[in-house]
Each structure stands twice: as structure tokens, then as C-alpha cells.
Amino acid sequence: MKKNVQPVSLKREAKLLPGYLIMLLWLVFTVVLLGWIFAASLSTTREINMGKVLGFESGLHFENYAAAWSSYNVSVYFMNSFIYATCSLAFIILISAPASYVLSRFSFPGNKLIRSCFIIAMSIPLIMVILPVFGLTTQLRLNGSRVTLIILYTFLNIPFTTTFLMNFFSSLSRTYEEAAAIDGCTPTKTFWLVMLPLAQPGIVTVGIFLFLSVWNEYFMALIFATSDRLRSVGPGLYMMVDTMTRTGKLGGLFASVIIVFLPTFVIYLFLSEKIIAGVTGGGIKG
Amino acid sequence: MKQSKGMIVAFLAPAVVAFLMMFLYPVTRTVIMSFFQVESVTAKTDAWQFAGFNNYVELWNSVTFRAAMKNIMLIWLIGGIVVLSLSLLFAVVLNSGIRGKSFFRALVYMPNIISAVALATMWKQFVFVNANYGLMKGIWKTLGMGNVNWLGTDMIFWAMLIAFCFGAVGYYMLIFLSGIDRIPADLFEAATIDGANKPRQFVHITMPLLMGTLKTNLTFWSISTITFFVWSKMFSPLNTDLTTVTPMVYMYDITFGTQGNVQRSAGGGAAVGVIMALMILLIFMAVNALIRDDGIEY
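Criteria and thresholds
- Residues numbered from 1 in each chain as written.
- Chains lettered and ligands numbered in written order.
- Predicted model: local features only at pLDDT ≥ 70, side-chain atom pairs only at ≥ 80, totals over all residues.
- Heavy atoms only, no water.
- Salt bridge = Lys/Arg side-chain N within 4 Å of Asp/Glu carboxyl O.
- Helix = DSSP H or I, 4+ residues; strand = E, 2+ residues; numbered from the N terminus.
- Buried < 20%, exposed > 50% of the residue type's maximum accessible area, 1.4 Å probe, protein only.
- Contact = heavy atoms within 4.5 Å.
- Buried area = accessible area lost by both parts, 1.4 Å probe.
- Polar contact = N/O pair within 3.5 Å; in protein donor to acceptor, adjacent residues only side chain to side chain.
- Domains from an automatic or database assignment.
- Expected span 1.5 Å × (residues − 1).
- Phe/Tyr/Trp six-rings, centres within 6.5 Å; stacked < 30°, edge-to-face > 60°.
- Lys NZ or Arg CZ within 6 Å of the ring centre and 35° of its normal.
- pLDDT = per-residue confidence, 0-100.

A. Representation of the pattern of salt bridges within the structure. All names here are of chain A. Taken as a whole and judged by the stated rule, the model has four salt bridges over all chains. In this structure, the salt-bridge partner of Glu177 is Arg105, at a minimum N-O distance of 2.8 Å. Of this pair, Glu177 sits in helix α9 (residues 175-182) while Arg105 is found in helix α5 (residues 74-105), placing the two residues 72 residues apart along the sequence. Residue classification places Arg105 among the buried positions, given a relative accessible area of 7%. Between Arg246 and Asp242 there is a salt bridge, with the nearest N and O atoms lying 2.8 Å from each other. Here Arg246 and its partner Asp242 are both found in helix α13 (residues 233-247), four residues apart, which amounts to about one turn of the helix.

This is the structure we're talking about:
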């Protein structure tokens, strides 16, 4: 259905009323949840404990943010998450795009086998691979540096990304390659100069999705980023929440939750359509 | 089109190497390791001692692991019923022609882009800790649960599951939505002309044609719940607790664990992994046998 604006028909809208009610209920709950957390982040621990968050009787306490920001290495966590997400994203695309192009365009022995391997890999739980991977990185003395997590995030996401991008490459017309060949372009050059730019919408979609999932990743970061210097936002926030609950600094606790929540939320405000397309475009047979 | 062997190899090699190093090698090694007595994850293979099914027997005898299995099955079953029916409901509502479809869709999916630690903290503090004040008190009272201590031993598991489900619904809703979008509109038009009302259309058109999508959702749900970890950590008191422990948490404790009271066993951790993978396989085969979506062409 196209987005044509329908004239308001009371009869029609009345029929949809239960649907509207359900969605509105969800909306109100989400807004109240976020609103309360935001209000709490500007209140004192005493006000929060007494349940008087929305009164702001003692004014707005922006110092909660300052405290959360300075007493923990929030900026380091942010930087680390950013490095992990951008670097692994670049490598994932660099490795997956050529592989998925070859798999979707050429027929050769083993093509089907590799595709099936990638699909099976997508359903292998992390718990099945984590121990040997940890052993391997220890043996190679890779632990204790950012490189480890970047490599692991890259490798881990290659089956999904390759499978995802195959749909995009197979939908591109072969006439581009034929034209390039007539002009004397080699197949390899054709890929980098012609086909990769054409697949850009697919790459952007899957890229945003990958960026957010690496940014928020928790389990691998917990195991491989053990020092404060390497910690990303997931385990970093966990530590902050843990300490602040124990020391009873509730205002700072909510401030740190908001600090971590905001960047992804802002990205989502602008790119929600793309992110949603990334979910529904991958892993589903069409 | 000309094919060059060199190009195929060069383009595929890195991805295949990644697959071998990140999936094939670890999976094989995990399976083998689960039959050996291995204390530390980093132990060399010379230090491994063959133990047959000993690791599995030990898991079976462990109270914590049995609690973890019970919890994960409850999460899978009860959470699955709640999440999949809610997400189907939302998908149908959003597709019924209401205004603001893309806004509501983005709204329900939003929890998925928030760090799980942040989302869990929000829920824990606002909905459960704060349950005695203001709006939440009113809501819980209306639901007849005004006096429930949500973070007590009896209820903390359910508190965790409710919060987790809230965050999960959006993802499955999107997949149901894309399934519904693929059903040709003329089927519904024809049914309307024949006098079938909306509920009848849902039962006789939407549901049968959504079986393939349901299968996808069930598979994704199983894979994601098997690795249930952060939420359990967030809803556990200081240490791992029987009420909220899951297999992944147990595996973490016995292999990477820092707590002194747990016997370290990487072999046991590997066995947990194998059991989880077998469960996924079993669920996958059951889903394929029980839900048939072949034979319907549209």
C-alpha cells in the first residue's frame, strides 16, 4: 500500500480503535519509562528513594552527569566502542562484499557448500566457539589489545553479512559487467569500480545494523576486554551500574544509563528506516 | 561472462578463512574438549585427559546446571509464547491500516538498539524497585499485584523475563510484518468480496500463509534465548543465583569464573556448549517436522 493520505472516516477509524489503543498503551509506557529515567538522572538519591522524582524540589542536578562522566572512564568506553565498531565494520565489508559477489555471480564447484556453511554458521551459538577462540588468542598472545576484539567481531559477522549482501548483488543487472568488459575492464576492477558502488544501499543498510550490534555487544567484550583501557560501553556501563548501586549514588547511576542510551538513540531517530530494513533484509528467504 | 579462477579464489579466501577459524575449528575443538578433563581454557592439549562422558555426568549432577536448564526452558517456552504472540498481534495491528504505521513500528523496535545493560537497568529501577511509588504503584495495583516484591527470590525470575520480553518483541514483529507484506493483497480483497470478516481472514488466509515466517521466528528465538546472558547477570544479586542462572552464565562461571567457590572446568564448559547446540538442532528439527509451509503457492 502506498502512503496516500486517506480522508478521515469515523466509521473506518472506529473499527481500528482497539489497534490504536494497544499501540498507544505501548507508546505511553515507553515514554513514561524513558521520561522517569531521565528525570531520575537529574534528581538526588534521596528524592529517588522517596519516589519524588518528578518534583525536582531541590532543582535540577546536572552534577550527576559530571560525576558519572569524570569518575569513570566513560569517554574511554565510548572511544573503544567506536573503534571496535568502525574498524570491524570496515573489515567485514571489505571481506564480505567480494565473497558475496563471487558467490552470487559465478558458478563453480563448492559454491553451494560455502553458502550452506555460512548459513549454518549463523545459527551456531557463541557458547559453542568461545572457549577454543579464547585458547587460540591466548596462544597467539593477542589478548590485552584492541586488535583481538576487532578481528573476532569481523570474523563473527562475516557469514551473516555475506549472506545478506548476496541478495543485493544478484539483483544487479549483468549488463553493467558486460559493458565494463567491452571497455576492457578486468573482472576484479569491474567489481571494485562498478559493482561495489552499485551495491551501496545494501552495504549501508547492513553497515548500520552491524555498527549498532558491535557497539552494544556484551559477552565477547566482557571476556576479551579485561582492562579498563580496552573496555567498551556494555561492560563499562555494567561496572558503573554495579558500583553506583552499591554506593547508593542513584542519580549518577541514571545519568550513566542516559549517557550510554543517548548516542544510539540519536542514531536511531535519524536512521530507523534503514535499521529496520537491515533486520528484515537478512536471513529470511524471500 | 568470463570467469577467472584467480579472482574467485582471491575474493573468497578471506571469508572462508574467517569461517574456518571462527566456526569450524572452534566447534570441532569444543566437541572434542567436552570429552576431556580440562581445567583451564588455555591448557595445552597434552594436559587434556580423556574422560568419556564424565563432564556430562558432572553437569547432570550439578544443582546449578540443572537450575540453569530449568530456567532456560522456562525462558524459551513462556517467553516464546508471550513474545511471539505479542509480536504477531502488533504486526497484525500495524497492518490493519492504522495511521502512523512506521512510527509505531520504529517505537516497538527501539529497545533493540539500546544496550541491554541500560535497558535492564531502566526496567529494574523503574518498574520493579520503584514499584511502591507513583505511577508504577498504580499500574501494579490495577493488575492486582500491588504487594509483590518483584526483586525477591520468588519473583525475580519473572521480573527478568517480563523485562526481556519487552525488549525482544520488536524484532520478531518486524519479521512477522515482512511475512504479512508478502501475502498478495488480492487474496484479502477476494475474501472481503466473498463476505469474510477480518477475524476469519486472519484465521484462513494470514495464519496459513505465515507458517514459513513463524518457522523463521521460532528458529531465531531459539538461537537468541540459548545464549541468554546479560539479562541474567543484570537481574542476579552479587553472585550467580539459582533463581536466574542460565547455561551460558554457568559456562562463564566454570571457565572464566573469578569466584573462588566454583570448581574450574573448561571441559565442563565445552559440554555445556555442546548440549546447547544439540538443543538448537533438536528444536530446529522439531520445528521443521511440525510446521509445514510447503504446498502453498501464492
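Following the structure, the description resumes.
B. Main features of the interface of chain B and chain A. Taken residue by residue, the interface counts 89 residues in chain B and 98 residues in chain A. In total, about 8500 Å² of surface goes out of reach between chain B and chain A, with carbon and sulfur atoms giving 82% of it. Between chain B and chain A we count one salt bridge in total. Between A:Glu273 and B:Arg105 there is a salt bridge, with its nearest N and O atoms 3.2 Å apart. Inspection of the region where chain B meets chain A yields five residue pairs in polar contact (both at pLDDT 80 or more).

C. Spatial organisation of the domain arrangement of chain B. Split by domain assignment, chain B resolves into domain 1 (1-30) and domain 2 (53-290). With centres defined by C-alpha atoms, the gap from domain 1 of chain B to domain 2 of chain B works out at 34 Å.

D. Highlighting helix α5 (residues 116-128) of chain B. Residue and element names in this part refer to chain B. Over its 13 residues, α5 extends 17 Å from the first C-alpha to the last, a length consistent with the 18 Å expected when each residue adds 1.5 Å. Counting buried residues along α5, eleven of its 13 residues qualify, which places the element largely inside the surrounding structure. Along α5, the residues classified as buried are Val117, Ala118, Leu119, Ala120, Thr121, Met122, Trp123, Gln125, Phe126, Val127 and Phe128.

E. Layout of the domain arrangement of chain A. Residues and elements named next belong to chain A. If you check the domain split of chain A, you get domain 1 (12-65) and domain 2 (66-280). Computed from C-alpha atoms alone, the centre-to-centre distance between domain 1 and domain 2 is 32 Å. In total, domain 1 and domain 2 occlude about 1000 Å² of area from one another, counting both sides; carbon and sulfur atoms represent 72% of this. Taken together, the links from domain 1 to domain 2 amount to zero salt bridges. For the interface between domain 1 and domain 2, the tally reads ten residue pairs in polar contact (both at pLDDT 80 or more). Among the elements of the structure, α2 (17-40), α3 (45-49) and α4 (63-71) are those that each provide at least two residues to the side of domain 1 that touches domain 2.

F. Fine view of the packing of aromatic side chains. Overall, the coordinates contain 49 aromatic pairs over all chains when judged by the stated rule. When the ring of A:Phe160 is compared with that of A:Phe209, the centres are 5.8 Å apart and the planes differ by 45 degrees; the resulting orientation is tilted. Residue A:Phe160 is located in helix α8 (residues 146-171), and its partner A:Phe209 is located in helix α11 (residues 200-215); the two are separated by 49 residues in the primary sequence. Measuring from centroid to centroid gives 5.9 Å for B:Phe164 and B:Trp231, while their planes differ by 75 degrees, and the two rings are edge-to-face. Highlighted residues: B:Phe164 in helix α7 (residues 156-181) and B:Trp231 in helix α11 (residues 230-234), separated in sequence by 67 residues. Here the aromatic cluster, defined as three or more aromatic residues joined through ring pairs, consists of A:Phe134, A:Tyr218, A:Phe219, A:Phe224, A:Tyr238, B:Phe229, B:Tyr252 and B:Phe256. Positioned above the aromatic ring of B:Phe235 is the side chain of B:Lys124, whose terminal nitrogen or guanidinium carbon lies 6.0 Å from the ring centre.

G. Examining the confidence of the model for chain B more closely. For chain B, the mean per-residue pLDDT works out to 88, and 93% of the residues sit at or above 70. The ipTM, which scores confidence in the relative placement of chains, is 0.89 for this predicted complex, and the corresponding pTM is 0.90.

H. View of the environment of A:Ser173. Residue and element names in this part refer to chain A. With respect to the secondary-structure elements, Ser173 resides in the loop between α8 and α9. The exposure class of Ser173 is partly exposed, given its relative accessible area of 33%. When the C-alpha positions of Ser173 and Met195 are compared, they lie 9.8 Å apart, and in sequence the two are 22 residues distant. Those residues in contact with Ser173, other than ones at most four positions away along the chain, are Arg105 and Met195. There is a polar contact of 2.6 Å between the side chain of Ser173 and the side chain of Thr175.

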